[in-house]
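# Chain and residue survey
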Amino acid sequence: MKALEHLRTINHHKWLVMKHCFKVGLYKQGLLHDMSKYTPTEFLVGCRYYQGNRSPNNAEREATGYSTAWLHHKGRNKHHYEYWLDYSVNPGEGIVGQKMPIRYAVEMFMDRVAASKTYMGDRYTVSHPLKYYEQGAEKLGKMIHPETAALLRHLLEMLAEKGEEETFRYIRKEILKNKK
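All figures in this text were calculated on a predicted structure; none of them were measured in a lab.

## Describing the nonpolar core
Formed by 35 residues in total, the largest nonpolar core has its most connected members in Val24, Met100, Val106, Phe109, Met110, Tyr133 and Ile171. Listing elements by their share of this core, those giving two or more residues are helix H1 (2-24), helix H6 (102-120), helix H7 (128-140) and helix H8 (146-175). Ranked by the residues each element gives to this core, the list is headed by H8, at 11 residues. Beyond its immediate sequence surroundings of up to four residues, tyrosine 133 is in contact with Arg112, Leu140, Ala149, Leu152, Arg153 and Leu156.

## Some points on the pattern of salt bridges
A full pass over the atoms with the stated rule returns eight salt bridges. The shortest N-O distance in the salt bridge between lysine 99 and glutamate 147 comes to 2.9 Å. Of the two residues, lysine 99 sits in the loop between strand E2 (95-97) and H6 while glutamate 147 sits in helix H8, which places them 48 residues apart along the sequence. Under the relative-accessibility criterion, glutamate 147 is labelled partly exposed at 46%.

## Some details on the side chain of glutamine 29
Mapped onto the elements, glutamine 29 comes out in helix H2 (residues 27-32). Using a relative accessible area of 11% as the deciding quantity, one classes glutamine 29 as buried. Looking at glutamine 29, its side chain comes within polar contact range of the main-chain oxygen of arginine 103, at 3.1 Å. Each residue touching glutamine 29, except ones within four places of it in the same chain, is listed here: Arg103, Tyr104 and Glu107.

The rules behind these values
Residues numbered from 1 in each chain as written. Predicted model: local features only at pLDDT ≥ 70, side-chain atom pairs only at ≥ 80, totals over all residues. Heavy atoms only, no water. Core = buried A, V, L, I, M, F, W, Y, C linked by side-chain atoms within 4.5 Å. Buried < 20%, exposed > 50% of the residue type's maximum accessible area, 1.4 Å probe, protein only. Helix = DSSP H or I, 4+ residues; strand = E, 2+ residues; numbered from the N terminus. Contact = heavy atoms within 4.5 Å. Salt bridge = Lys/Arg side-chain N within 4 Å of Asp/Glu carboxyl O. Polar contact = N/O pair within 3.5 Å; in protein donor to acceptor, adjacent residues only side chain to side chain.

Rendered as structure tokens:
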């Protein structure tokens, strides 16, 4: 039964991201979002650690010390800032977050909104994605490029203050206009 519930959760999340991406004109990304979650590497782990109220990757990480599903996922999905970690061109800086292309940063925003809706259910409010982001924002440090972090925070704040319709319109008309 966990497999069916996990599949429902993936499909629901994917459906929400697709709808949101379509509203801003990111049709291809909406269709292809998180396809790696259906691969055995990610799906079987998700079934094993499924709980319904949070990512099974967290449960796998708690059980084993790391998440094979997450390592697979972040390396194949450009809407995760972790995909964009690389050595800095400045000697001595080590590994830093590279600036994400706008379309992937927007997809990351849509992913966070959809994940909040999926896991919060009826308790979801437009301020929840910002609150969740703020819980971990200090830990991001050099892992997310400052410009990418600023855009994500701006969109999350706008969502919390003005709602989806206005934020999605802004993304479509101002952020993505002439940047595809």
